[in-house]
Amino acid sequence: MLRSRASRAALSTACAALLLATSACGSDKPEETANTQVRLYGTDGNMQNSYVDALKDRADLLNGMKGTTPLTPLTESFKDRLRTVDPKLKDYLYSAETYDAVVIGALAAQLAGTTQPTEIAKQIVGVTTTGQRCEEVATCLQLARAGQDIEYRGVSLNRAGFTDVGEPATASYATLHFDDRQLDDGKTEFVGAGDESAASTKTPPRGRKSRPAKSYKEDGSPLVLGGLLPKTGDLALAYRPMAAGAALAIREINAAGGVLGDPVVWVDGDDGTDPKVAKATVASHVQRGVHVIIGAGASGISRAVLPDVVAAGRVLFSPSNTDAGLSTVDDKGLYFRTAPSDILQGRALADVIMRDGPHKIAIVARKDSYGEGLQENVRAELERAGMGADKVKLLSYVPPEGASAPPVDFSAGAREIKDYGADAVLVIGFGESAKVITDLADAGVQIRN
């Protein structure tokens, strides 16, 4: 039916008013959705200076991104010591946790009076919870050689010791900010999490501390530690600080006289951020007589290799696993970590996000135990903070398998986030998650700087 000019004008005026009020005239999709600016958030897997390299010429997309990572305020002295190992070091993520894992493993062997892995494992929790407090490697080793129980307080483990299951009772988190294609140290904030009362109160077994050092080692070998760190793969951006932390610890332990009368031996090894690579490395370490394996980098990789490590009667000691589910994994008492559970990081990260007052949040996670576990922890904390289920959208992506695999394709998820109208997007992943951010931009999501 034809309308008069007056009626058409009236309709046009009404539609314009409706458009201003709802942005929906002539469309079922609000115009404000397309114009919403999105703030990016990240986690320990991508809040690093080396993440800039993963975005290459599009690194400007990171400007304004913020996130959390387990990180204690590091002294300039510790950073200087790390740079004597790696002069070009520009990130410090998990360097302190790796250093402490190596030192604790060495002290546990000295207190156990043997390089037998199951005996070392029995001492690890006690090294951090009972006895005379010490902070310097040389001092701690001297006390341990004298048969004195010690309470090690190191670089990352500085508030409380381990819980009964062999992980930190407390943690320090840093809120980091990207600006001008790098992390702005001037904006870094630190917050504590956890409960000191959760630390173990059990007394470790006495071991063989009263015997002469040389008679402790049934096989006559020195203590051998093996690396299972991400030299390659999606988490390779975290390798250099972890490797520097391990190398520094070995150097300082041996400068202080080593363990059980001999220098500690380090055997390098790659976890590849790939179960196949990691399993091959574990098998090689077992054959070469490694007693304590330092790694893996990613929680999912530790889950994959732990049955092999346990079957071989070795210790697996990770400086960077955060999957909360690893607290209850069947490890026969042979798995430990200096990194805190993601239950603690979930609280810290939700607090960072909520302080910005978002209306709708999308949480994108790599599809593995780390990504989906942290995603659920953050979701639960956001819900406790008052974000209803309709205000939080969960998405995931399958990370590439192997170096030759095609990159992540998150284009469909990016369009979904745009249509949803999220004004906050949390990306939980490693180096491969850079593709999530570029796909968001390519879908027309306006990333806030």
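Thresholds, definitions, all that
- Residues numbered from 1 in each chain as written.
- Predicted model: local features only at pLDDT ≥ 70, side-chain atom pairs only at ≥ 80, totals over all residues.
- Heavy atoms only, no water.
- Helix = DSSP H or I, 4+ residues; strand = E, 2+ residues; numbered from the N terminus.
- Contact = heavy atoms within 4.5 Å.
- Areas by Shrake-Rupley, 256 points an atom, 1.4 Å probe, with all protein chains shown as cover.
- Salt bridge = Lys/Arg side-chain N within 4 Å of Asp/Glu carboxyl O.
- Buried < 20%, exposed > 50% of the residue type's maximum accessible area, 1.4 Å probe, protein only.
- pLDDT = per-residue confidence, 0-100.
- 1 Å grid on protein atoms, 1.4 Å probe; cavity = no way out; pocket = protein on both sides within 12 Å on 5 of 7 lines; lining within 4 Å.
- Points joined across faces, edges and corners; volume = space filled by probe spheres on them.
- Nonpolar A, V, L, I, M, F, W, Y, C, P; charged D, E, K, R; others polar.
- Core = buried A, V, L, I, M, F, W, Y, C linked by side-chain atoms within 4.5 Å.
- Arc of directions from axis to C-beta.

### What about the overall build of the protein chain?
Moving on, step 1. Each helix and strand counted, the protein chain has 14 helices and 16 strands in total.
Moving on, step 2. Restricting the contact set of the protein chain to residue pairs at least 6 apart, pairs at least 24 apart contribute 72%.
Moving on, step 3. Carbon and sulfur atoms form 51% of the exposed surface of the protein chain, whose accessible area is close to 18,700 Å².

### A word on the pattern of salt bridges
Moving on, step 1. The full count for this structure, using the stated rule, is 31 salt bridges.
Moving on, step 2. One salt bridge in this structure joins Lys 122 and Glu 119, with 3.1 Å as the shortest N-O distance. Of this pair, Lys 122 and Glu 119 both sit in helix H6 (residues 117–127), 3 residues apart, roughly one helical turn.
Moving on, step 3. In this structure, Glu 167 and Arg 337 form a salt bridge, with 2.8 Å as the shortest nitrogen-oxygen distance. One end of the pair, Glu 167, is in the loop between strand E4 (150–152) and strand E5 (170–179); the other, Arg 337, is in strand E12 (residues 335–337), with 170 residues separating them in the sequence. Taken individually, Glu 167 and Arg 337 each receive the classification buried, so the pair is uniform in this respect.
Moving on, step 4. Residues joined in a network through salt bridges with shared partners are Glu 76, Lys 79, Asp 80 and Arg 83.

### Quick notes on the confidence of the model for the protein chain
Moving on, step 1. When pLDDT is averaged along the protein chain, the result is 90; 89% of the residues meet or exceed 70.
Moving on, step 2. This stretch, residues 1–33, has a pLDDT under 50; its non-local contacts, to residues over four places away or in other chains, come to 16 contacts.
Moving on, step 3. Note that residues 209–216 has pLDDT below 50 and, in this model, 15 contacts with residues that lie over four places away or in other chains.

### Focus on the environment of Cys 134
Moving on, step 1. Following the sequence through the fold, Cys 134 ends up in strand E3 (residues 132–134).
Moving on, step 2. Expressed as a C-alpha distance, the spacing of Cys 134 and Tyr 152, which sit 18 residues apart in the sequence, is 5.3 Å.
Moving on, step 3. Cys 134 has contacts with Thr 139, Cys 140, Leu 143, Ile 150, Glu 151, Tyr 152 and Arg 153, leaving out every residue within four places of it along the chain.

### Looking at the layout of surface pockets
Moving on, step 1. The calculated volume of the largest pocket comes to roughly 890 Å³.
Moving on, step 2. Elements represented by at least two residues in the lining of the largest pocket include exactly helix H3 (51–55), helix H9 (275–287), helix H10 (299–311) and helix H14 (434–442).
Moving on, step 3. Looking at the lining of the largest pocket, the element that brings in the most residues is H3, giving 4 residues.
Moving on, step 4. Taken together, the residues of the lining of the largest pocket sort by class into 17 nonpolar, 9 polar and 13 charged.
Moving on, step 5. In this structure, the second largest pocket occupies an estimated 370 Å³ of space.
Moving on, step 6. Here the residues of the lining of the second largest pocket sort into 9 nonpolar, 5 polar and 5 charged.

### Notes on the nonpolar core
Moving on, step 1. Ranked by internal contacts, the top residues of the largest apolar core, which has 126 residues, are Phe 317 and Ile 437.
Moving on, step 2. The leading source of residues in this core is helix H5 (residues 95–112), at 11 residues.
Moving on, step 3. The next biggest cluster of nonpolar side chains, apart from the first, holds 5 residues, and it includes Ala 171, Tyr 173, Leu 344 and Ala 348.

### Focus: helix H4 (residues 76–85)
Moving on, step 1. Turning to H4, its buried residues are Phe 78, Lys 79 and Leu 82. Projection of H4 onto a plane perpendicular to its axis shows the buried side chains occupying an angular sector of 100°, all on one side.

### What to know about empty space enclosed by the protein
In this approach the atoms are scanned with a rolling probe the size of a water molecule, which exposes any empty space left behind.
Moving on, step 1. What the rule picks out here adds up to 3 cavities of 30 Å³ or more.
Moving on, step 2. Put simply, the largest cavity is a space of about 150 Å³.
Moving on, step 3. Along its surface, the largest cavity is lined by 15 residues, and Ser 156, Leu 157, Thr 170, Ala 171 and Ser 172 are the ones closest to its centre.
Moving on, step 4. The element contributing the most residues to the lining of the largest cavity is E5, with 3 residues.
Moving on, step 5. Across the lining of the largest cavity, the residue classes break down as 7 nonpolar, 6 polar and 2 charged.
Moving on, step 6. Of the pockets and cavities examined, the second largest cavity occupies roughly 90 Å³.
Moving on, step 7. The wall of the second largest cavity is formed by 14 residues, among which Asp 44, Leu 235, Gly 297, Ser 320 and Phe 430 lie closest to the centre.
Moving on, step 8. Residue composition of the lining of the second largest cavity, by class: 8 nonpolar, 5 polar and 1 charged.

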